[in-house]
Amino acid sequence: MARSLSFAWFSWKNLWRRKLRTLLTVCGIGMAVGAFVALVGFSRSFEHEWLRMYESSGTDIAVVQKTFLNTSVDEAAGARLMSLSSVAAATPMILNMMDLTPEINALVYGWRADSYEFDGLTLTSGRRFRDGQPEVMLGELLAGNLHKQAGDTLDIQGSRLTIAGVYHGGSALEAGAVIMPLDELQQIASLQGKVTAFHVRLRPVPPGDAPDAYLKNAQAQIEAALPGLRAVPAAQRASNNQIVLLAHAAAWGTSSIALLIGILGIANTMAMSVLERTREIGILRALGWKRWRVMLLIQSEAAALGLVGGVFGIAVGWGSLHLLAWLPRTSSITPPAFSPSLLLQAMGVAVVAGLAAGAIPAWRGAHLLPVEALRHD
Amino acid sequence: MTSPLLEARELRKGYDDGRIAALRGVSLSIEAGDFVAISGPSGSGKSTLLQLLGGLDTPSEGQVFYRGQALGSAIDLDDYRSTEVGFIFQAFYLLPTLRAIENVQVPMLALRRESSTRAQRAEELLCELGLKERLNHYPHELSAGERQRVAIARALANQPTLLLADEPTGNLDSENSARIMEILIGIQRSRGMTMIIVTHENDIAASAPRHIRIRDGRIESGRCAS
Ligand SMILES: Nc1ncnc2c1ncn2[C@@H]1O[C@H](COP(=O)(O)OP(=O)(O)O)[C@@H](O)[C@H]1O
Ligand SMILES: [Mg+2]
């Protein structure tokens, strides 16, 4: 059977002749893509949980301060909000993050005992806390991590609080959170009279109205009534709040550095490969291969390194996400959500990294003079 | 009047910014079907001349014409090398990662060809050159004589008009040299190809109908036996 030589087979053979170098390069870019998948995946599922939290409580709009990301809104605005025609319910809330033990930090919510946001939760034991009492409720995941149950006590910032109940949350964020009376939290955090935001449920969309337009009108009505405040749709607030933005920035920042190192690894491999193949490139050119074809050969090798590294990296990232979901410190915010768009992005990033890294070696290889390259030894 | 197949006019070639004058004004003309031997002392400019005729390099001055058209301007050098010229080198220059049959297909990849015909044609060429049992061997598994035969098959891959060989027997023992020369002369005859062989072996040069001697970058004498 006659063996046919294809372009792809040729570039594969070039890679395979230096097995160890090829493998190490693939590992390098694979670890980088793995870091990308794990970190960006983590921050995305974090954002996703945020959205689920709004959805499970039925919040349509968050009213926050206009300018500052870390928002602080006057609690007194609530009355004005409630009087608006499109608003069905408005509830003040505080969101914070705190260290409960040196190992475990958690989101802390301050709610009123009559907040509609309790609708998204189910009590699994105990009861709801009462306003003005040193009481908290724990998400079941957090309660498990802390080995606490209803009736136990919990120390926050030097105050001893009783665990009134444990609940099952609508989102993983709530499952790992502490909820306490708004007034108690204001006291502990010295935030009297201030809240992070008002969460608003709108009245049902009148039949015949477009939901989008209805939401826009409600936003406009709220902003007109409360100058200085901003009405943000829940979906937007989920992706555009301090904690999520920070998580995204950290994820992209860290994985960019990892990817840069991975790219340098491919670039180094391809530069060495082109150098040691100078004579062979001269042969190809002598046999009539055009520059672009030589460039294509080298770039296809670089892209293959990226591609295989990408597949490997996705496996590494998948493993890391599951590890994160399993570790107590991070389990509250990482159900391993693995979206196709993230996989596509990771593969895209890996291949583009390969092409970028191969560009200069490919150009150099293709522009060798055939005669000079043949004389090379 | 029809133009010759290949014509060189006043070729000059300098290296190292002109410090080395490898060719100092060479003119010649070669007709289709010619078999020409070029000989001369080492360093006289034989390889340089062959590279210019084969479109591997460009002259510092002067021009090469193929069928009356200037190389490098009217004719693209890459196209010329891949479709019109088959090159054979002293050091074979096979690609070490590829099997014999794959090496022969490398020039075909420069053109658009059906992949099944590529392999088939490579196999035919190798069989014709007596390498039926060596199709799937790598260059390092072949003897020097076998390697040069693979290189000859590769030179014929795209059915060129011109066969250029630069000291094709320079790395071979006398027995293999004789075999390779026999093959080359046979190919030239049976296919009516135009062949230019650079050699410093006088008996080879003498066997060619036409013999050009080069010394210090100039043609010393041109004998034409016809
Ligand atoms: N790429 C090059 N750079 C510099 N000098 C060269 C190069 N190629 C050939 N030369 C010089 O040009 C002269 C002719 O070389 P060449 O054509 O290879 O001669 P021959 O093939 O007859 O031995 C020699 O002096 C050689 O050293
Ligand atoms: Mg020479």
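It should be noted that the structure appears before, not after, this text.
All chains use their own residue numbering, which begins from 1 and follows the written sequence. Labels follow written order: the first chain is A, the first ligand is 1, and so on. Reporting of local features is limited, given that this is a predicted model, to residues whose pLDDT is at least 70; pairs of side-chain atoms are given and counted only at 80 or more, and all residues count toward the totals for whole chains, interfaces and linings. Only hydrogens and water are removed before side-chain values are computed, so all heavy atoms of the structure are retained for them.

K.L.:
Residue-level account of the overall build of chain A, with values.
P.N.:
Helix and strand definitions here come from DSSP, where helices need a minimum of 4 consecutive H or I residues and strands a minimum of 2 consecutive E residues; each element is numbered from the N-terminal end. Along its length, chain A carries 13 helices and 12 strands. Restricting the calculation to C-alpha atoms gives the radius of gyration, and the globule rule supplies 2.2 Å times the number of residues raised to the power 0.38. Scaling as 2.2 N^0.38, a compact globule of 377 residues should have a C-alpha radius of gyration of about 21 Å, whereas chain A reaches 28 Å, well beyond that. Relative to its 377 residues, chain A shows a buried fraction of 49%. Pairs of residues are marked as contacts when any of their non-hydrogen atoms sit within 4.5 Å. Long-range pairs, those at least 24 residues apart, make up 78% of the contacts in chain A with a sequence separation of at least 6. Accessibility here uses a 1.4 Å probe with only protein chains present; expressed as a share of the type maximum, an area under 20% marks a residue as buried, one over 50% as exposed, and anything in between as partly exposed.

K.L.:
How would you explain a nonpolar patch on the surface if you had to name every residue and give the values?
P.N.:
Residues and elements named next belong to chain A. A grouping of Trp9, Trp12 and Trp16 is seen on the molecular surface, where their side chains present a nonpolar patch of about 300 Å² in accessible area. Following the sequence through the fold, Trp12 ends up in helix α1 (residues 7-16). Trp12 sits in the partly exposed class, given a relative accessible area of 39%. Only residues whose relative accessible area exceeds 30% and that form no salt bridge enter a patch; like-charged residues are grouped when within 9 Å of one another, and nonpolar side chains (Val, Leu, Ile, Met, Phe, Trp, Tyr) when within 5 Å. The method behind every accessible area is Shrake-Rupley, applied with a 1.4 Å probe, and residues are considered shielded solely by the protein chains displayed. Salt bridge, as applied in this entry: a Lys or Arg side-chain nitrogen positioned within 4 Å of an Asp or Glu carboxyl oxygen.

K.L.:
Which residues make up the layout of surface pockets, and what values go with them?
P.N.:
The pocket and cavity definitions rest on a 1 Å grid over protein atoms only: a 1.4 Å probe that fits but cannot leave marks a cavity, an open set with protein on both sides within 12 Å along at least five of seven lines marks a pocket, and residues lining either have an atom within 4 Å of a point. Grid points are joined across faces, edges and corners, and a volume is the space filled by probe spheres set on the points. Put simply, the largest pocket is a space of about 830 Å³. Looking at the largest pocket, it is lined by 31 residues, and the ones nearest its centre are A:Arg375, B:Ser47, B:Thr48, B:Gln51 and B:Asp166. Mapped by element, the contributors of at least two residues to the lining of the largest pocket are α13 (370-375) of chain A together with β2 (20-30) and α1 (46-53) of chain B.

K.L.:
I'd love a proper account of the pairing of strand β6 (residues 135-139) of chain A, names of residues and values included.
P.N.:
Consecutive side chains of a regular strand alternate in pointing toward one face of the sheet and then the other. Residue and element names in this part refer to chain A. With 5 of 5 residues buried, β6 is to be regarded as a mostly interior element. The side-chain alternation of β6 yields two buried faces, one formed by Glu135, Met137 and Gly139 and the other by Val136 and Leu138. For two strands to count as paired, DSSP must find a minimum of two bridges between them. In the sheet, β6 pairs with strand β8 (residues 159-168) via 5 bridges, with the strands oriented parallel. Each bridged residue has a counterpart across the sheet, and for Met137 the counterpart in β8 is Gly165. In this structure, β6 lies alongside strand β9 (residues 178-181), joined through 2 bridges in antiparallel fashion.

K.L.:
Mind laying out the pattern of salt bridges, listing which residues take part and the relevant values?
P.N.:
One pass over the structure, following the stated rule, counts 23 salt bridges over all chains. For A:Glu135, the salt bridge goes to A:Arg130, with nearest N and O atoms at 2.6 Å. Exposure remark for A:Arg130: the relative accessible area of 46% places this residue in the partly exposed category. With a shortest N-O distance of 2.8 Å, B:Glu220 and B:Arg215 are connected by a salt bridge. For B:Glu220, a relative accessible area of 45% corresponds to the partly exposed category. Salt bridges here are not isolated pairs; linked through shared partners, they connect A:Arg18, A:Arg21 and A:Glu276.

K.L.:
Tell me about unusual backbone geometry, and name the residues and values.
P.N.:
Residues and elements named next belong to chain B. Its identity as a non-glycine residue notwithstanding, Asp16 has a phi of 50°, on the positive side. Summarising the element assignment, Asp16 is placed in the loop between β1 (6-15) and β2. In this structure Asp16 comes out as partly exposed when scored by relative accessible area, which is 47%. A positive phi is found at Arg67, a non-glycine position, where the angle reads about 45°.

K.L.:
So, the site of ligand 1: which residues are in play, and what are the values?
P.N.:
Around ligand 1 sit 13 residues, and of these A:Arg375, B:Gly43, B:Lys46, B:Ser47 and B:Thr48 come closest. Put simply, a residue is near a molecule or strand once any heavy atom of it comes within 4 Å of that molecule or strand. Chain contributions to the surroundings of ligand 1 come from chains A and B. Pairs of N or O atoms are called polar contacts if they sit within 3.5 Å, as long as, within protein, a hydrogen donor faces a hydrogen acceptor (for residues adjacent in sequence, only side-chain-to-side-chain pairs). Within the contact set of ligand 1, an oxygen atom lies 2.7 Å away from a backbone nitrogen or oxygen of B:Gly43. B:Ser47 places a side-chain nitrogen or oxygen 2.7 Å from an oxygen atom of ligand 1. For ligand 1, whose accessible area on its own is 560 Å², the fraction buried by protein is 76%. Occupancy of a cavity or pocket is assigned to a molecule whenever over half of its atoms lie within 2 Å of that pocket's grid points. The site holding ligand 1 turns out to be the largest pocket. Only α13 of chain A together with β2 and α1 of chain B provide two or more residues apiece to the shell around ligand 1. Broken down by element, the shell around ligand 1 gets its largest block of residues, 3 residues, from α1(B). For this scheme, ten residues count as nonpolar: Ala, Val, Leu, Ile, Met, Phe, Trp, Tyr, Cys and Pro. Four count as charged, namely Asp, Glu, Lys and Arg, and the remainder, Gly too, count as polar. In terms of residue class, the shell around ligand 1 is made up of 4 nonpolar, 6 polar and 3 charged.

K.L.:
Please set out the interface of chain A and chain B residue by residue, giving values where relevant.
P.N.:
The interface is formed by 26 residues belonging to chain A together with 31 residues belonging to chain B. Here chain A packs against chain B, burying approximately 2600 Å² in sum over the two surfaces, 60% of which is carbon and sulfur. There are 4 salt bridges connecting chain A and chain B. Its salt-bridge partner being A:Lys13, residue B:Glu102 comes within 2.8 Å of it at the nearest N-O pair. Our enumeration of links across chain A and chain B arrives at 14 residue pairs in polar contact (both at pLDDT 80 or more). Elements represented by at least two residues in the side of chain A that touches chain B include exactly α1, α10 (278-286), α11 (291-326) and α13 of chain A. The element that contributes the greatest number of residues to the side of chain A that touches chain B is α10(A), accounting for 6 residues. Looking at the side of chain A that touches chain B residue by residue, the classes come out as 13 nonpolar, 4 polar and 9 charged. Buried area adds together the accessible area that both of two parts lose upon being put together, with accessible area traced by a 1.4 Å probe.

K.L.:
Got a sec to walk through the sheet that holds β1(B)? Specific residues and values, please.
P.N.:
All names here are of chain B. Taking strand neighbours across the sheet as the criterion, the 4 strands line up as β2-β1-β4-β5 in an open arrangement whose pairing is antiparallel. In this open sheet, the two strands that pair with only one neighbour each are β2 and β5 (69-70). Pairing of β1 with β2, which is carried by 8 bridges, proceeds in the antiparallel orientation. Bridged to Glu7 within β2 is Ser29. In this description, a line fitted to the C-alpha atoms serves as the axis of each element, helices being fitted only across the stretch in contact, and the angle between N-to-C directions of two axes falls anywhere from 0 to 180 degrees. Lying on the sheet, α1 is in contact with β1, β2 and β4 (61-66); it crosses β1 at an angle near 125°.

Shape is all these values report; function is a separate question.
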